[in-house]
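Take a look at the letters that make up each chain.
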Amino acid sequence: MAAAPGGGPRTPSVRIGPIDLAARVDEALAVQAVAFGLGPEEIEVRRHIVLRHLDHPCARALGAMTPDGDLVGFVYGMPNERGHWWSTVVEPYLRATGSAGWLDDSFVITELHVHPEFQNAGIGRTLITTITDAVDQPRSILSAIDTESPARGLYRSLGYRDLARQVHFPSAPTPYAVMGAPLPLLRRGQA
């Protein structure tokens, strides 16, 4: 397990390690709801999506837990397959930018969320670097809301770059950016 230092009195040290995300899906979605501003109906839809993703034999999940065992952050992903729904949506956008090859031999970060009270303490960085360090793929891809945000700043600091912007997912009210990075991800101080 990796350790992530706390960021002050409200963010005690947490431990990063593998979790049974299917067994803790409701806790994870509660973190995502607070971090991402989701309502109860959207949480229920996402619950089914997460559980379906976790059926993939190569899906991986890590959690950030307080000393008391509370889940305060999580990440999960899997090797990309062009037949997955996400790939079919982003492929035309990537093709338009000459980046469709990123869909092959990549590990997709499907979700990464940290409870707001625990953000800015290195937890998200530790989650994403730990999960990608353990995969066989030479690169990673993800999608993030296409706005300048702390999340996009984190991804850029890890080596992710924009592959396509203004990507529209069905039923998503805001456009996304698809980002990709070679693995291993950059560490602090690397350029």
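Just above, that's the structure.
Residues numbered from 1 in each chain as written. Predicted model: local features only at pLDDT ≥ 70, side-chain atom pairs only at ≥ 80, totals over all residues. Heavy atoms only, no water.

Peer 1: What am I meant to see in the overall build of the protein chain here?
Peer 2: Within the protein chain one finds 5 helices and 8 strands. Taken over C-alpha atoms, the radius of gyration comes to 16 Å for the protein chain, in line with the 16 Å a tight globule of 191 residues would show. When the backbone C-alpha atoms are referred to their principal axes, the protein chain occupies close to 45 × 40 × 30 Å. When contacts within the protein chain are restricted to residue pairs at least 6 apart in sequence, long-range pairs at least 24 apart make up 66% of them. With an accessible surface of roughly 9,400 Å², the protein chain has 54% of that area assigned to carbon and sulfur atoms. Here the protein chain contributes 17 positive and 20 negative side-chain charges, whose respective centroids are spaced 7 Å apart. (Helix = DSSP H or I, 4+ residues; strand = E, 2+ residues; numbered from the N terminus. Rg over C-alpha atoms; globule rule 2.2 N^0.38 Å. Contact = heavy atoms within 4.5 Å. Areas by Shrake-Rupley, 256 points an atom, 1.4 Å probe, with all protein chains shown as cover. Lys, Arg positive; Asp, Glu negative; His and termini not counted. Charge placed at Lys NZ, Arg CZ, Asp CG, Glu CD.)

Peer 1: What is the right way to look at helix α5 (residues 150-157) in this model?
Peer 2: Owing to its 3.6 residues per turn, the α-helix aligns residues three or four sequence positions apart on the same side. Buried within α5 are the following residues: Arg152, Leu154 and Tyr155. Taken end-on, α5 shows its buried residues confined to a sector of 155°, consistent with a single buried face. Where the residues of α5 are buried, they touch β5 (106-114), α4 (123-133), β6 (139-145), β7 (161-167) and β8 (176-182). Just downstream of α5, glycine 159 is the residue with a positive phi angle, here 105°. (Buried < 20%, exposed > 50% of the residue type's maximum accessible area, 1.4 Å probe, protein only. Arc of directions from axis to C-beta.)

Peer 1: Whenever I open this one, the packing of helix α1 (residues 25-36) against helix α2 (residues 40-53) confuses me. Can you help?
Peer 2: Two quantities define a packed helix pair, namely the angle between the axes and the distance from one axis to the other. Viewed as axis vectors pointing N to C, α1 and α2 meet at an angle of 130°, and their least axial separation amounts to 10 Å. As the angle between them shows, α1 and α2 are arranged oblique. Helix-helix and strand crossings are classified by hand; for α1 and α2 the assignment is right-handed. Residues Val25, Asp26, Leu29, Gln32, Ala33 and Phe36 of α1 form the contact with α2, whose own contacting residues are Ile43, Arg46, Arg47, Val50 and Leu51. A class-by-class count of the residues in the contact of α1 with α2 yields 7 nonpolar, 1 polar and 3 charged. (Axes fitted to C-alpha atoms, helices over the stretch in contact; angles between N-to-C directions. Parallel < 35°, antiparallel > 145°, perpendicular 65-115°, else oblique. Left-handed = near helix turned anticlockwise from the far one by under 90°. Nonpolar A, V, L, I, M, F, W, Y, C, P; charged D, E, K, R; others polar.)

Peer 1: Honestly, the nonpolar core in this entry has me stumped. Any pointers?
Peer 2: One broad trend across soluble globular proteins is that nonpolar side chains are buried collectively. Counting 27 residues, the largest nonpolar core has Ile109, Ile123, Leu127, Ile128, Leu142, Tyr155 and Tyr160 as its most contacted members. Sorting the residues of this core by element identifies β2 (14-18), β3 (60-65), β4 (71-79), β5, α4, β6, α5 and β8 as the ones contributing at least two each. When sequence neighbours within four positions are dropped, the list of residues in contact with isoleucine 109 reads Val75, Tyr76, Ile128, Ile131, Thr132, Ser140, Ile141, Leu142 and Tyr160. Formed by 15 residues, the second largest nonpolar core is a distinct cluster that contains Val90, Leu94, Ala100 and Val108. (Core = buried A, V, L, I, M, F, W, Y, C linked by side-chain atoms within 4.5 Å.)

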